[in-house]
Amino acid sequence: MKRLALIAAVVLTTITLQSCRQSDDVLSPEETATLQRVQDSSNNLSHKDNANNLNTEQNNNPASLVDGEIVPPPKK
C-alpha cells in the first residue's frame with residue numbers, strides 16, 4: 001500500500017510539474033537573425049575594448065614613469 005501511494009505521488013508530482021511548465025519561446029528566422037547580429041556586434045565591441053585595454057596597459061609602464069617623466073637609472 002505504501003509503495004502504491006509513493007508511486008501515485010511521484011506520478012502526480014511529475015504530471016503537475018509538466019503541466020505548469022511554461023512553454024519555450026520559439027523564435028522566427030527573422031528574430032534569430034536579429035539576435036545573432038546583436039550578439040556578434042556585442043562580441044566585436046567586447047574584443048575591441050579588451051584589445052585597447054591591453055595596448056594601454058602595455059604602454060604605461062609605472063616603473064619607468066614618475067609624474068610623466070622618465071626616471072634616470074639608479075647609481076651604483
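Residues numbered from 1 in each chain as written. Predicted model: local features only at pLDDT ≥ 70, side-chain atom pairs only at ≥ 80, totals over all residues. Heavy atoms only, no water.

Q: What should I look at first to understand the overall build of the protein in this one?
A: For the protein, the count of helices and strands is two helices and two strands. For the protein, the N- to C-terminal ordering of α and β elements is α-α-β-β. Relative to its 76 residues, the protein shows a buried fraction of 0%. Within the structure as shown, the protein displays about 7,700 Å² of accessible surface, and the carbon and sulfur contribution to it stands at 58%. (Helix = DSSP H or I, 4+ residues; strand = E, 2+ residues; numbered from the N terminus. Buried < 20%, exposed > 50% of the residue type's maximum accessible area, 1.4 Å probe, protein only. Areas by Shrake-Rupley, 256 points an atom, 1.4 Å probe, with all protein chains shown as cover.)

Q: Sorry if this is basic, but what is going on with the confidence of the model for the protein here?
A: Parts of the model with low pLDDT should not have their predicted coordinates read in detail. Scored by pLDDT, the protein comes out at a mean of 76, with 68% of its residues at no less than 70. Within the protein, no element has a lower average pLDDT than strand β1 (residues 65-66), which sits at 50, and none a higher one than helix α1 (residues 2-20), at 90. (pLDDT = per-residue confidence, 0-100.)

Q: Explain α1 here, please?
A: Each α-helix winds once per 3.6 residues, and so residues spaced three or four apart point in a common direction. The terminal C-alpha atoms of α1, which comprises 19 residues, lie 27 Å apart, in line with the 27 Å expected from a rise of 1.5 Å per residue. Little of α1 is tucked away: zero of the 19 residues are buried. (Expected span 1.5 Å × (residues − 1).)

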